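# Fold and geometry: a report
Spelled out from the first residue to the last, the chains are:
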Amino acid sequence: MNEFSQLLHSQFLWFALAAGLLVALVSGPLGCFAVWRRMAYFGDTLAHSALLGVTLGFVLHIQPTVAVGATSCLLALLLVYFHRHRNLSVDTLLGILSHSMLALGIVTVSLLNINVDLLSLLLGDLLAVSGRDLILMAAAAMVIALLLWRLWPKLLAFTLHEELAAVEGVKIERVRLALMLMLALLIAIAMKVVGVLLITALLIIPAATARRISSTPEQMAGFASLIGCVSVLLGLAASVIWDSPAGPSIVLAAGSLFMLGQLRTARD
């Protein structure tokens, strides 16, 4: 009991909880758009570029979160350019860039002999979040939240019917780019929480769970954020109690909530 009390007063635990909740809050609405527009593969592509971003951060002596954010944003811009000017399908582009970026990151780490903890990059290192990491994550989350608030009607119109949205005056390419850049920022801050391999899971699973219990887009976004926060709380508690990896525990909690939601729907 005394050890548990000491743990509750540990700064690293509260930093980890704050970081996880920040990511869950903004990943809820973005996850909804990823589900609606079937952009899970896009999330994987950005996540795979994270390793290259970390490598560049070490080489250029830049904070890893900033380096990953910049790399993910550049990749998003590259995707928009190739899709617009090279007449390649989105799936083809994502398949090429996803694996190319991952391979480039691994080769760069090997050639430069950079001492990187690959396991923490792949599965997250939530309990190692520092005060500086938390500030950067809060700043990125605030930018994402503000963009979502300003662009929400346009994003919905763009998602429901692109051609109709264009007729109504929505700048389709700008909205698409804004959505991609928001996802890139989310990847940068979520990497510390669940790692490169599991980022897309945290993005998609709460939104997919919320879809079953929502009647409006706003409800779905709110429920997705709530489910993400509950997943963070449950996963972090499991990590503390059973000494399991925090990132996979959070994703496992989200997956369990999804399965419970499916069972309840099947009974109804």
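Scroll up to find the structure.
We now turn to the structure provided with this report. (Residues numbered from 1 in each chain as written. Predicted model: local features only at pLDDT ≥ 70, side-chain atom pairs only at ≥ 80, totals over all residues. Heavy atoms only, no water.)

### Concerning the overall build of the protein
The cut-off we apply is this: Note on conventions: DSSP H or I runs of at least 4 residues are helices, E runs of at least 2 residues are strands, and numbering of each starts at the N terminus. We compute the radius of gyration from the C-alpha atoms alone; for a globule the expected value is 2.2 Å times N to the 0.38, where N is the number of residues. For every residue, the accessible area obtained with a 1.4 Å probe (protein chains only) is divided by the maximum for its type, and the residue is called buried under 20%, exposed over 50%, and partly exposed between those limits. Residue contacts are counted whenever heavy atoms from the two residues lie within 4.5 Å of one another. In short, Shrake-Rupley with a 1.4 Å probe defines the accessible areas, and a residue's cover is counted only from the protein chains shown. Neither His nor the chain ends is counted toward charge; the positive residues are Lys and Arg and the negative residues Asp and Glu. To locate a charge, take NZ of a lysine, CZ of an arginine, CG of an aspartate or CD of a glutamate.
Helix and strand counts for the protein stand at 13 helices and zero strands. A globule of 268 residues ought to have a C-alpha radius of gyration of about 18 Å, and the protein, at 19 Å, matches this closely. Viewed in the frame of its principal axes, the protein has a C-alpha envelope of about 65 × 55 × 30 Å. Counting over 268 residues, the protein shows a buried share of 47%. Sequence separation of at least 24 residues holds for 77% of the intrachain contacts in the protein that already meet a minimum separation of 6. Just so you have it, the protein exposes about 13800 Å², and 67% of that area is on carbon and sulfur atoms. Across the protein, the 15 positively charged side chains and the 13 negatively charged ones have centroids separated by 9 Å.

### So, a nonpolar patch on the surface
Stated precisely, the cut-off is as follows: Here the term patch refers to residues with relative accessible area over 30% and no salt bridge, with like charges joined within 9 Å and nonpolar side chains (Val, Leu, Ile, Met, Phe, Trp, Tyr) within 5 Å. Note on definitions: salt bridges are taken to be side-chain nitrogens of Lys or Arg within 4 Å of carboxyl oxygens of Asp or Glu.
Together, Leu56, Val59, Leu60, Ile62, Val66, Val107, Leu111 and Leu112 give the surface a local cluster of nonpolar side chains, amounting to about 700 Å² of exposed area. At the level of elements, helix H4 (50–60) and helix H6 (90–112) are the ones that each hand at least two residues to the nonpolar patch. Looking at the secondary structure, you find Leu60 in helix H4.

### Some thoughts on the packing of helix H3 (residues 40–48) against helix H10 (residues 172–194)
Short version of the rule: Axis lines are fitted through C-alpha atoms, for helices just across the contact stretch, and the angle between N-to-C directions can take any value from 0 to 180 degrees. Here the angle decides the label: under 35 degrees means roughly parallel, over 145 means roughly antiparallel, 65 to 115 means roughly perpendicular, and every other value means oblique. By convention the crossing between two helices is left-handed if the near helix lies anticlockwise of the far one by an angle smaller than a right angle, and right-handed if it lies clockwise. Amino acids outside the nonpolar list (Ala, Val, Leu, Ile, Met, Phe, Trp, Tyr, Cys, Pro) and the charged list (Asp, Glu, Lys, Arg) are all regarded as polar, and Gly is one of them.
Contact geometry for H3 and H10: axes closest at 10 Å, N-to-C directions at 50 degrees. It follows from the interaxial angle that H3 and H10 lie oblique. Considering the relative orientation of H3 and H10, their crossing is right-handed. Across from Phe42, Gly43, Leu46 and Ala47 in H3, the residues of H10 making contact are Met180, Leu183, Ala184 and Ile187. Here the residues of the contact of H3 with H10 are counted per class, giving seven nonpolar, one polar and no charged.

### Some points on the packing of aromatic side chains
Our working definition: Two rings from Phe, Tyr or Trp (for Trp, the six-membered ring) form a pair when their centres are within 6.5 Å of each other. A pair whose planes differ by under 30 degrees is stacked, one over 60 is edge-to-face, and the rest are tilted.
The full count for this structure, using the stated rule, is two aromatic pairs. Here Phe33 and Trp36 contribute two aromatic rings whose centre-to-centre distance is 5.2 Å and whose plane-to-plane angle is 90 degrees, an arrangement assigned as edge-to-face. Taken together, the residues span about one helical turn, with Phe33 and Trp36 both in helix H2 (residues 11–36) at a distance of three residues. Looking at Phe33, the relative accessible area reads 0%, which means it is buried. Ring geometry for Phe33 and Trp152: centres 5.2 Å apart, planes at 70 degrees, overall edge-to-face. One end of the pair, Phe33, is in helix H2; the other, Trp152, is in helix H8 (residues 131–160), with 119 residues separating them in the sequence. Trp152 sits in the buried class, given a relative accessible area of 15%. Joined through ring pairs, the aromatic side chains of Phe33, Trp36 and Trp152 make up one cluster.

### Quick word on the environment of Thr200
Here Thr200 lies in helix H11 (residues 199–211). Residues Thr200 and Ile187, 13 residues apart in the sequence, show an inter-C-alpha distance of 8.6 Å. Apart from residues no more than four positions distant in its own chain, Thr200 is found in contact with Ala40, Gly43 and Asp44.

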